[in-house]
Amino acid sequence: MIIFKLIRRLIAALVLVAIAIPLYAVGITWQAAHNTITRKADVIVVLGAAQLNGRPGEVLEARLQEAKRIYDLGLAPRIITVGAGAPGDRTTEAASGKFWLSTHGVNSKNISALEVGRDTWVSTENYVKLMKLKNLKDVIIVTDPFHCRRAMTMANDLGVVATCSPAKTGPNALEKSGKRYLIREAGAYLAYVSLGRHGIHISDHLG
(Lines give C-alpha, C1' and ligand atoms only; values in the text may rest on other atoms or scores of the structure.)
Protein backbone atom coordinates (compact mmCIF):
# COMPACT_ATOMS: atom_id res chain seq x y z
CA MET A 1 0.00 0.00 0.00
CA ILE A 2 2.81 2.40 0.86
CA ILE A 3 4.42 1.78 -2.55
CA PHE A 4 1.13 2.48 -4.35
CA LYS A 5 0.72 5.72 -2.39
CA LEU A 6 4.23 6.79 -3.34
CA ILE A 7 3.56 5.98 -6.98
CA ARG A 8 0.32 8.00 -6.92
CA ARG A 9 2.12 10.95 -5.35
CA LEU A 10 4.90 10.74 -7.90
CA ILE A 11 2.39 10.66 -10.76
CA ALA A 12 0.52 13.62 -9.25
CA ALA A 13 3.77 15.57 -8.93
CA LEU A 14 4.72 14.82 -12.53
CA VAL A 15 1.28 15.90 -13.76
CA LEU A 16 1.58 19.11 -11.76
CA VAL A 17 5.00 19.87 -13.26
CA ALA A 18 3.72 19.03 -16.74
CA ILE A 19 0.96 21.62 -16.28
CA ALA A 20 2.96 24.25 -14.39
CA ILE A 21 5.91 24.54 -16.77
CA PRO A 22 3.88 25.26 -19.94
CA LEU A 23 1.73 27.73 -17.97
CA TYR A 24 4.91 29.49 -16.83
CA ALA A 25 6.12 29.71 -20.43
CA VAL A 26 2.78 31.16 -21.55
CA GLY A 27 2.82 33.63 -18.66
CA ILE A 28 6.34 34.91 -19.25
CA THR A 29 5.73 35.21 -23.00
CA TRP A 30 2.50 37.14 -22.37
CA GLN A 31 4.18 39.37 -19.79
CA ALA A 32 7.04 40.32 -22.13
CA ALA A 33 4.54 41.29 -24.82
CA HIS A 34 2.39 43.44 -22.54
CA ASN A 35 4.89 44.98 -20.12
CA THR A 36 7.84 46.05 -22.23
CA ILE A 37 10.58 48.19 -20.71
CA THR A 38 12.47 49.99 -23.45
CA ARG A 39 15.47 52.04 -22.42
CA LYS A 40 18.26 53.77 -24.29
CA ALA A 41 20.64 51.42 -26.04
CA ASP A 42 23.56 51.35 -28.44
CA VAL A 43 21.57 49.98 -31.34
CA ILE A 44 18.11 48.96 -32.56
CA VAL A 45 17.81 45.58 -34.27
CA VAL A 46 14.87 44.87 -36.58
CA LEU A 47 14.34 41.13 -36.94
CA GLY A 48 13.42 40.05 -40.44
CA ALA A 49 10.08 39.03 -41.89
CA ALA A 50 8.77 38.48 -45.40
CA GLN A 51 9.45 40.98 -48.18
CA LEU A 52 8.19 41.02 -51.75
CA ASN A 53 10.70 42.15 -54.38
CA GLY A 54 12.18 44.73 -52.05
CA ARG A 55 8.89 45.83 -50.54
CA PRO A 56 8.43 44.87 -46.88
CA GLY A 57 5.40 42.72 -46.14
CA GLU A 58 2.89 43.87 -43.54
CA VAL A 59 4.71 42.24 -40.63
CA LEU A 60 8.11 43.64 -41.56
CA GLU A 61 6.73 47.10 -42.31
CA ALA A 62 5.10 47.22 -38.87
CA ARG A 63 8.47 46.39 -37.29
CA LEU A 64 10.22 49.05 -39.38
CA GLN A 65 7.66 51.66 -38.34
CA GLU A 66 8.33 50.85 -34.70
CA ALA A 67 12.09 50.99 -35.24
CA LYS A 68 11.78 54.43 -36.84
CA ARG A 69 9.54 55.62 -34.00
CA ILE A 70 12.03 54.74 -31.27
CA TYR A 71 14.96 55.93 -33.40
CA ASP A 72 13.23 59.31 -33.77
CA LEU A 73 12.77 59.38 -29.98
CA GLY A 74 16.54 59.13 -29.64
CA LEU A 75 16.57 55.75 -27.90
CA ALA A 76 19.48 54.53 -30.07
CA PRO A 77 21.70 56.19 -32.68
CA ARG A 78 21.82 53.34 -35.20
CA ILE A 79 19.72 50.50 -36.61
CA ILE A 80 20.62 47.01 -37.82
CA THR A 81 18.15 45.27 -40.11
CA VAL A 82 18.52 41.50 -40.18
CA GLY A 83 17.35 38.78 -42.52
CA ALA A 84 18.33 36.77 -45.58
CA GLY A 85 16.24 36.16 -48.66
CA ALA A 86 14.10 33.16 -49.49
CA PRO A 87 15.13 30.96 -52.44
CA GLY A 88 14.44 32.85 -55.65
CA ASP A 89 14.26 36.29 -53.98
CA ARG A 90 16.01 39.14 -55.78
CA THR A 91 16.80 40.88 -52.50
CA THR A 92 16.81 40.22 -48.75
CA GLU A 93 14.72 41.13 -45.73
CA ALA A 94 17.61 43.18 -44.36
CA ALA A 95 18.15 45.11 -47.61
CA SER A 96 14.45 45.87 -48.06
CA GLY A 97 14.31 47.01 -44.44
CA LYS A 98 17.27 49.33 -44.88
CA PHE A 99 15.76 50.78 -48.07
CA TRP A 100 12.42 51.40 -46.34
CA LEU A 101 14.06 53.16 -43.40
CA SER A 102 16.34 55.25 -45.62
CA THR A 103 13.33 56.44 -47.64
CA HIS A 104 11.40 57.29 -44.47
CA GLY A 105 13.79 59.74 -42.90
CA VAL A 106 16.56 57.63 -41.36
CA ASN A 107 20.07 58.49 -42.56
CA SER A 108 21.38 55.45 -44.45
CA LYS A 109 24.79 55.94 -42.77
CA ASN A 110 23.10 54.96 -39.50
CA ILE A 111 21.64 51.72 -40.89
CA SER A 112 23.47 48.41 -41.33
CA ALA A 113 21.83 45.64 -43.37
CA LEU A 114 22.90 42.21 -42.10
CA GLU A 115 21.71 39.92 -44.89
CA VAL A 116 21.79 36.62 -43.01
CA GLY A 117 19.33 34.57 -41.00
CA ARG A 118 16.06 32.89 -41.78
CA ASP A 119 15.31 32.08 -38.15
CA THR A 120 15.62 33.78 -34.78
CA TRP A 121 18.75 31.98 -33.58
CA VAL A 122 20.87 32.51 -36.71
CA SER A 123 19.76 36.14 -36.91
CA THR A 124 20.60 36.69 -33.25
CA GLU A 125 23.95 34.95 -33.46
CA ASN A 126 25.00 37.13 -36.37
CA TYR A 127 23.81 40.52 -35.14
CA VAL A 128 25.42 39.87 -31.74
CA LYS A 129 28.72 39.11 -33.52
CA LEU A 130 28.42 42.42 -35.37
CA MET A 131 27.61 44.24 -32.13
CA LYS A 132 30.68 42.81 -30.42
CA LEU A 133 32.89 43.78 -33.35
CA LYS A 134 31.64 47.35 -32.96
CA ASN A 135 31.86 47.22 -29.14
CA LEU A 136 28.08 47.63 -28.74
CA LYS A 137 26.56 46.13 -25.60
CA ASP A 138 22.90 47.18 -25.40
CA VAL A 139 20.23 46.41 -27.97
CA ILE A 140 16.55 47.18 -28.46
CA ILE A 141 14.98 44.35 -30.44
CA VAL A 142 12.02 45.20 -32.64
CA THR A 143 9.81 42.24 -33.43
CA ASP A 144 6.28 40.95 -32.82
CA PRO A 145 4.98 41.24 -29.24
CA PHE A 146 4.79 37.52 -28.46
CA HIS A 147 8.22 36.99 -30.02
CA CYS A 148 9.88 39.43 -27.59
CA ARG A 149 10.64 37.01 -24.74
CA ARG A 150 12.40 34.41 -26.88
CA ALA A 151 14.31 37.02 -28.89
CA MET A 152 15.53 38.78 -25.73
CA THR A 153 16.48 35.52 -24.03
CA MET A 154 18.64 34.43 -26.97
CA ALA A 155 20.37 37.82 -27.12
CA ASN A 156 21.02 37.85 -23.38
CA ASP A 157 22.40 34.31 -23.55
CA LEU A 158 24.91 35.47 -26.18
CA GLY A 159 26.21 38.23 -23.92
CA VAL A 160 24.39 41.45 -24.77
CA VAL A 161 21.79 43.37 -22.79
CA ALA A 162 18.46 43.24 -24.60
CA THR A 163 15.10 44.94 -24.27
CA CYS A 164 12.23 44.74 -26.74
CA SER A 165 10.02 47.30 -28.42
CA PRO A 166 7.25 45.30 -30.12
CA ALA A 167 5.47 46.36 -33.28
CA LYS A 168 2.34 48.35 -32.48
CA THR A 169 0.60 47.82 -35.81
CA GLY A 170 0.33 45.11 -38.44
CA PRO A 171 -1.20 41.64 -38.42
CA ASN A 172 0.79 40.50 -35.35
CA ALA A 173 0.03 43.50 -33.13
CA LEU A 174 -1.38 42.60 -29.72
CA GLU A 175 -4.97 43.44 -30.56
CA LYS A 176 -4.79 41.17 -33.62
CA SER A 177 -2.61 38.32 -32.32
CA GLY A 178 -4.60 35.35 -31.14
CA LYS A 179 -4.02 32.68 -28.51
CA ARG A 180 -2.56 30.46 -31.19
CA TYR A 181 0.42 32.78 -31.70
CA LEU A 182 0.92 33.10 -27.94
CA ILE A 183 0.88 29.33 -27.40
CA ARG A 184 3.19 28.73 -30.36
CA GLU A 185 5.74 31.26 -29.12
CA ALA A 186 5.48 29.97 -25.54
CA GLY A 187 6.23 26.49 -26.87
CA ALA A 188 9.19 27.79 -28.86
CA TYR A 189 10.52 29.63 -25.80
CA LEU A 190 10.12 26.52 -23.64
CA ALA A 191 11.91 24.34 -26.21
CA TYR A 192 14.82 26.78 -26.28
CA VAL A 193 15.25 27.26 -22.52
CA SER A 194 14.73 23.62 -21.62
CA LEU A 195 16.80 21.96 -24.34
CA GLY A 196 19.43 24.65 -24.86
CA ARG A 197 21.24 24.42 -28.19
CA HIS A 198 19.41 21.15 -28.92
CA GLY A 199 16.11 23.05 -28.72
CA ILE A 200 17.09 25.84 -31.11
CA HIS A 201 15.84 24.15 -34.27
CA ILE A 202 12.69 22.99 -32.49
CA SER A 203 11.99 26.47 -31.16
CA ASP A 204 12.45 28.11 -34.55
CA HIS A 205 10.24 25.48 -36.19
CA LEU A 206 7.54 26.25 -33.63
CA GLY A 207 7.94 30.00 -33.74
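What comes next concerns the included structure. (Residues numbered from 1 in each chain as written. Predicted model: local features only at pLDDT ≥ 70, side-chain atom pairs only at ≥ 80, totals over all residues. Heavy atoms only, no water.)

1. Some remarks on the overall build of the protein
In step 1: The helix and strand inventory of the protein stands at seven helices and seven strands.
In step 2: Each helix and strand of the protein, ordered N terminal to C terminal, gives the series α-β-β-β-α-β-α-β-α-β-α-β-α-α.
In step 3: Burial status across the protein gives 44% buried among its 207 residues.
In step 4: Across the protein, every contact between residues at least 6 apart in sequence was considered, and the portion connecting residues at least 24 apart equals 69%. (Helix = DSSP H or I, 4+ residues; strand = E, 2+ residues; numbered from the N terminus. Buried < 20%, exposed > 50% of the residue type's maximum accessible area, 1.4 Å probe, protein only. Contact = heavy atoms within 4.5 Å.)

2. Focus on the nonpolar core
In step 1: Ranked by size, the top nonpolar core spans 21 residues in total, and within it Val 45, Ile 80, Tyr 127, Met 131, Val 139, Ile 141 and Met 152 carry the most contacts.
In step 2: Mapped by element, the contributors of at least two residues to this core are strand S1 (43-46), strand S4 (79-82), helix H4 (120-133), strand S6 (138-142), helix H5 (148-157) and strand S7 (161-164).
In step 3: If we ignore the near neighbours within four places in the chain, the residues touching Val 45 are Ile 80, Val 82, Tyr 127, Val 139, Ile 140, Ile 141 and Val 142.
In step 4: Within the second largest apolar cluster, 18 residues are counted, among which are Ala 41, Leu 60, Leu 75 and Ile 79. (Core = buried A, V, L, I, M, F, W, Y, C linked by side-chain atoms within 4.5 Å.)

3. Observations regarding H4
In step 1: An ideal rise of 1.5 Å per residue puts 20 Å on 14 residues; H4 measures up with 20 Å between its terminal C-alpha atoms.
In step 2: For H4, the set of buried residues is Thr 120, Trp 121, Ser 123, Thr 124, Tyr 127, Val 128, Leu 130 and Met 131.
In step 3: Measuring from the backbone nitrogen of Trp 121 back to the side-chain oxygen at the start of H4 gives 3.2 Å, which picks out Asp 119 as the cap.
In step 4: Where H4 ends, the next residue or the one after it, Asn 135, has phi of about 60°, a positive value. (Expected span 1.5 Å × (residues − 1). Polar contact = N/O pair within 3.5 Å; in protein donor to acceptor, adjacent residues only side chain to side chain.)

4. Overview of the packing of helix H2 (residues 58-72) against helix H3 (residues 93-102)
In step 1: With their axes 10 Å apart at the nearest point, H2 and H3 run at an angle of 50° to one another. Comparing their axes, H3 and H2 come out oblique. Relative to H3, H2 is oriented so that their crossing is right-handed. On H3, the residues touching Leu 60, Glu 61, Leu 64, Gln 65 and Lys 68 of H2 are Glu 93, Ser 96, Gly 97, Trp 100 and Leu 101.
In step 2: Grouping the amino acids of the contact of H2 with H3 by side-chain chemistry returns four nonpolar, three polar and three charged. (Axes fitted to C-alpha atoms, helices over the stretch in contact; angles between N-to-C directions. Parallel < 35°, antiparallel > 145°, perpendicular 65-115°, else oblique. Left-handed = near helix turned anticlockwise from the far one by under 90°. Nonpolar A, V, L, I, M, F, W, Y, C, P; charged D, E, K, R; others polar.)

5. So, the packing of aromatic side chains
In step 1: Across all of its chains, the model carries two aromatic pairs by this definition.
In step 2: Residues Trp 121 and Tyr 192 carry aromatic rings whose centres are separated by 6.1 Å and whose planes lie at 40° to one another, so their mutual orientation is tilted. Separated by 71 residues along the polypeptide, Trp 121 in helix H4 and Tyr 192 in helix H6 (residues 179-195) bring together distant segments of the chain. As far as burial versus exposure is concerned, Trp 121 and Tyr 192 are alike and both buried.
In step 3: Consider the rings of Phe 146 and Tyr 181, whose centres lie 6.0 Å apart with planes at 80°: the pair is edge-to-face. Placement of Phe 146 in the loop between S6 and H5 and of Tyr 181 in helix H6 is noted, with a sequence separation of 35 residues between them. (Phe/Tyr/Trp six-rings, centres within 6.5 Å; stacked < 30°, edge-to-face > 60°.)

6. Focus: the sheet that holds S1
In step 1: The strand order S5-S4-S1-S6-S7 describes an open sheet built from five strands, whose pairing is parallel. Two strands bound the open sheet, and with one partner strand each, they are strand S5 (111-114) and S7. Going from strand to strand, the sheet's axes swing by 25° on average, the running direction of each strand aside.
In step 2: Direction of pairing for S4 relative to S5: parallel, over a ladder of four bridges. Within the sheet, the bridge partner assigned to Ile 79 lies in S5 and is Ile 111. (Pairing = 2+ DSSP bridges.)

7. Considerations on unusual backbone geometry
In step 1: A positive phi angle, close to 50°, is found at Asn 53, a residue other than glycine.
In step 2: As for its position among the elements, Asn 53 is in the loop between strand S2 (51-52) and strand S3 (55-56).
In step 3: On the basis of relative accessibility, which here comes to 59%, the residue Asn 53 falls in the exposed class.
In step 4: Notably, Asn 135 is not glycine yet its phi reads approximately 60°, a positive angle.
In step 5: The topology assignment puts Asn 135 in the loop between H4 and S6.

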